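# Summary of structural features
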There are 2 protein chains.
Amino acid sequence: MRAELAARALELFTERGFDETTVDDIARAAGMSKRSFFRYFPTKEDALLGELEATAERVAQEISARPPGEGAWECLHTVLRAWEAHINTQIEVLRLIESTPPLRARLLQKRDEARALIVESLTGRGLSPLEADLASVAAGAALDTVAREWLRTGGSADRPTLTDQVFAMLRPAFLS
Amino acid sequence: MRAELAARALELFTERGFDETTVDDIARAAGMSKRSFFRYFPTKEDALLGELEATAERVAQEISARPPGEGAWECLHTVLRAWEAHINTQIEVLRLIESTPPLRARLLQKRDEARALIVESLTGRGLSPLEADLASVAAGAALDTVAREWLRTGGSADRPTLTDQVFAMLRPAFLS
DNA sequence: CCTGAATATGTCACCAAGTGCCAAGCTTGG
DNA sequence: CCAAGCTTGGCACTTGGTGACATATTCAGG
């Protein structure tokens with residue numbers, strides 16, 4: 001059901017635009033009522049961005065589960081490299097988000113909530129609040145840069161390689 | 001008028017909460033109608049965050065006006081250090097934003113628009129799109145970290161010093 | 001096969017944010 | 001004094017989002 005709604009939403013958003021699509025349109029296209037839509041997604045934007053918090057939790061868990069001796073930046077790099085493809089999905093969706101302010105805003109908000117989770121995991125690994133904050137925000141910045149650079153290349157760049165490059169370029173000097 | 005509305009909005013938000021305050025309340029408190037409120041601010045959130053795009057433009061201009069030989073990171077550091085106090089204002093406002101998701105979301109969105117402006121200034125200084133993107137996103141991350149750390153200390157830390165520390169810690173390795 | 005509880009859905013009424021439209025007021029310069 | 005122009009208020013409207021209640025569907029146990 002969620003998947004059905006998400007699929008219809010993507011269709012309608014791409015062909016008609018986000019603002020020109022009403023929640024009722026999406027719901028009806030999926031064969032249900034507006035009220036039921038809001039039982040699957042808390043906001044209209046989440047029809048596209050709904051899986052993010054779930055992956056955020058898994059990312060935070062994986063970070064906590066890593067060997068304690070590992071450096072924080074390597075840890076973030078490794079875990080996020082594995083999830084990058086799952087966060088920055090199809091180019092169509094990325095383009096839509098990039099060109100639609102409300103979607104972009106909601107994405108940033110969810111990224112920020114994810115960041116808060118990751119901060120917890122990092123402080124659990126012994127970092128100070130400032131360090132954890134700094135590391136998490138840098139990692140988020142890295143992913144964002146990867147997504148935009150990938151968009152700039154029209155989707156032709158190799159994302160894992162790009163991720164490695166960006167993480168290397170952005171590595172904070174103070175992290176082990 | 002804008003200032004009057006902003007002041008009333010801050011009062012009402014702090015004493016009653018953001019969600020519990022209606023735009024009509026703010027407008028009436030400032031002696032005008034809801035319709036006129038929206039002639040001064042495009043959204044309810046902007047009653048608190050309205051000055052940001054103006055300072056973003058000035059920041060971008062100052063970056064463009066800096067000596068061309070200067071390193072990009074020093075440039076960002078210098079300009080943003082000067083504006084930091086103007087971006088992260090009173091602790092009351094910061095706390096309110098931090099504890100109110102819609103305000104936080106709108107702030108992130110505006111920060112992102114500001115980032116886009118700064119990217120233009122940086123590419124004008126000879127950086128590649130990827131580099132400019134990376135530098136701007138790192139600088140935004142730095143300011144964000146400063147604000148949160150300052151909040152953590154309850155407003156007692158020295159912000160310029162903190163800004164210097166964070167910019168030093170986050171300096172991307174690849175920038176001159 | 002029946003029944004009763006849990007869960008999913010629809011309908012309706014409602015609130016608040018935001019916008020377009022038009023009429024009325026106020027301010028200017030001539 | 002008057003006319004052009006900007007500011008404001010009021011009104012109607014759309015849409016996102018929520019609460020309440022009724023109905024349908026599912027599914028377990030007797």
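Preceding this section is the structure that the text describes.
Attention here is on the structure that accompanies the text.

### Description of the overall build of chain A
When its secondary structure is counted, chain A shows 10 helices and 0 strands. For chain A, the succession of helices and strands along the chain, N to C, is α-α-α-α-α-α-α-α-α-α. C-alpha atoms of chain A, sized along the principal axes, occupy 55 × 35 × 20 Å. Looking at the 176 residues of chain A, the share that counts as buried comes to 36%. Within chain A, contacts between residues at least 6 apart in sequence are counted, and of these 64% link residues at least 24 apart.

### Let's talk about the interface of chain A and chain B
Taken together, the 25 residues of chain A in the interface contact 25 residues of chain B. For the side of chain A that touches chain B, the elements supplying multiple residues, two or more each, are α8 (101-124), α9 (129-152) and α10 (159-170) of chain A. Residue contributions to the side of chain A that touches chain B peak at 12 residues, all from α9(A). Partitioned by chemical class, the residues of the side of chain A that touches chain B number 15 nonpolar, 2 polar and 8 charged.

### Notes on the relation of the copies chain A and chain B
The two chain copies are related to each other by a rotation about an axis together with a translation along it. After a rotation of 180° and a shift along the axis of 0.0 Å, chain A superposes on chain B with an RMSD of 0.1 Å. Here the copies are linked by what is in effect a two-fold axis. The fraction of interface residues of chain A whose copies in chain B are also interface residues reaches 100%, indicating that both copies meet through the same surface.

### Points about the environment of Glu113(B)
Residues and elements named next belong to chain B. Its place among the elements puts Glu 113 in helix α8 (residues 101-124). In this structure, the C-alpha to C-alpha distance between Glu 113 and Glu 149, residues 36 residues apart in sequence, is 23 Å. Contacts of Glu 113, omitting those with residues within four sequence positions, involve Glu 53 and Ala 56.

### Details of the protein's contact with DNA strand C
Taken together, 14 residues lie around DNA strand C, and Met32(A), Ser33(A), Arg35(A), Ser36(A) and Thr43(B) are the ones closest in. Element by element, the count of residues in the surface near DNA strand C is highest for helix α3 (residues 34-40) of chain A, at 3 residues. Looking at the surface near DNA strand C residue by residue, the classes come out as 5 nonpolar, 4 polar and 5 charged.

### Focus on the protein's contact with DNA strand D
Near DNA strand D, the surroundings consist of 14 residues, among which Thr43(A), Lys44(A), Met32(B), Ser33(B) and Ser36(B) are the closest. Put simply, the parts of the chain that give the surface near DNA strand D at least two residues each are α2 (23-29) and α3 of chain A together with α3 (34-40) of chain B. For the surface near DNA strand D, the element with the highest residue contribution is α3(B), accounting for 3 residues. Taken together, the residues of the surface near DNA strand D break down into 5 nonpolar, 4 polar and 5 charged.

### Topic: the nonpolar core
Core analysis: the largest hydrophobic core is formed by 58 residues, its most contacted members being Ala135(A), Ala138(A), Ala142(A), Ala135(B), Ala138(B) and Ala142(B). Setting aside anything within four residues of it in sequence, one finds Ala142(A) in contact with Val166(A), Phe167(A) and Leu170(A). Counting 30 residues, the second-largest nonpolar core is a separate cluster that includes Leu5(A), Ile26(A), Leu108(A) and Ala30(B).

### Here's the deal with helix α6 (residues 72-87) of chain A
Of all bends in α6(A), the biggest is about 40°, found at Arg81(A). By the burial criterion, the buried members of α6(A) are Ala72(A), Trp73(A), Cys75(A), Leu76(A), His77(A), Val79(A) and Leu80(A).

### Details of the packing of α9(A) against α10(A)
Relative placement of two packed helices is described by the angle separating their axes and the distance separating the axes. Residues and elements named next belong to chain A. Across the interface, α9 lies against α10 with an axial gap of 9 Å and an inter-helix angle of 135°. Relative to α10, α9 is oriented oblique. Here α9 runs over α10; the crossing is right-handed. The residues of α10 that touch α9, namely those facing Ala 138, Ala 141, Ala 142, Thr 145, Val 146, Glu 149 and Trp 150, are Arg 159, Leu 162, Thr 163, Val 166, Phe 167 and Leu 170. Among the residues making up the contact of α9 with α10, the classes are represented as 9 nonpolar, 2 polar and 2 charged.

### A few points about the packing of helix α5 (residues 52-65) of chain A against α6(A)
All names here are of chain A. In contact at an axis separation of 10 Å, α5 and α6 are set at 155° when each is read in the N-to-C sense. Relative to α6, the element α5 is oriented roughly antiparallel. You can see that α5 and α6 cross each other, and the crossing is right-handed. Seen from α5, the contacting residues are Thr 55, Val 59, Glu 62 and Ile 63; seen from α6, they are Cys 75, Val 79, Leu 80, Trp 83, His 86 and Ile 87. Counted by class, the contact of α5 with α6 contains 7 nonpolar, 2 polar and 1 charged residues.

### Let's talk about the environment of Ala157(A)
Residues and elements named next belong to chain A. Here Ala 157 is to be found in the loop between α9 and α10. When the C-alpha atoms of Ala 157 and Glu 70 are compared, they prove to be 29 Å apart, with 87 residues separating the residues in sequence. Ala 157 has contacts with Glu 149, Trp 150 and Leu 162, leaving out every residue within four places of it along the chain.

Rules used in this analysis
Residues numbered from 1 in each chain as written. Chains lettered and ligands numbered in written order. Predicted model: local features only at pLDDT ≥ 70, side-chain atom pairs only at ≥ 80, totals over all residues. Helix = DSSP H or I, 4+ residues; strand = E, 2+ residues; numbered from the N terminus. Buried ≥ 20, exposed ≤ 12 C-beta atoms within 10 Å, placed from the backbone. Contact = placed C-beta atoms within 7 Å. Nonpolar A, V, L, I, M, F, W, Y, C, P; charged D, E, K, R; others polar. Least-squares fit on C-alpha atoms with pLDDT ≥ 70 in both. Near = placed C-beta within 6 Å. Core = buried A, V, L, I, M, F, W, Y, C linked by C-beta atoms within 7 Å. Bend = angle between axes of the 7 residues up to and from the residue. Axes fitted to C-alpha atoms, helices over the stretch in contact; angles between N-to-C directions. Parallel < 35°, antiparallel > 145°, perpendicular 65-115°, else oblique. Left-handed = near helix turned anticlockwise from the far one by under 90°.

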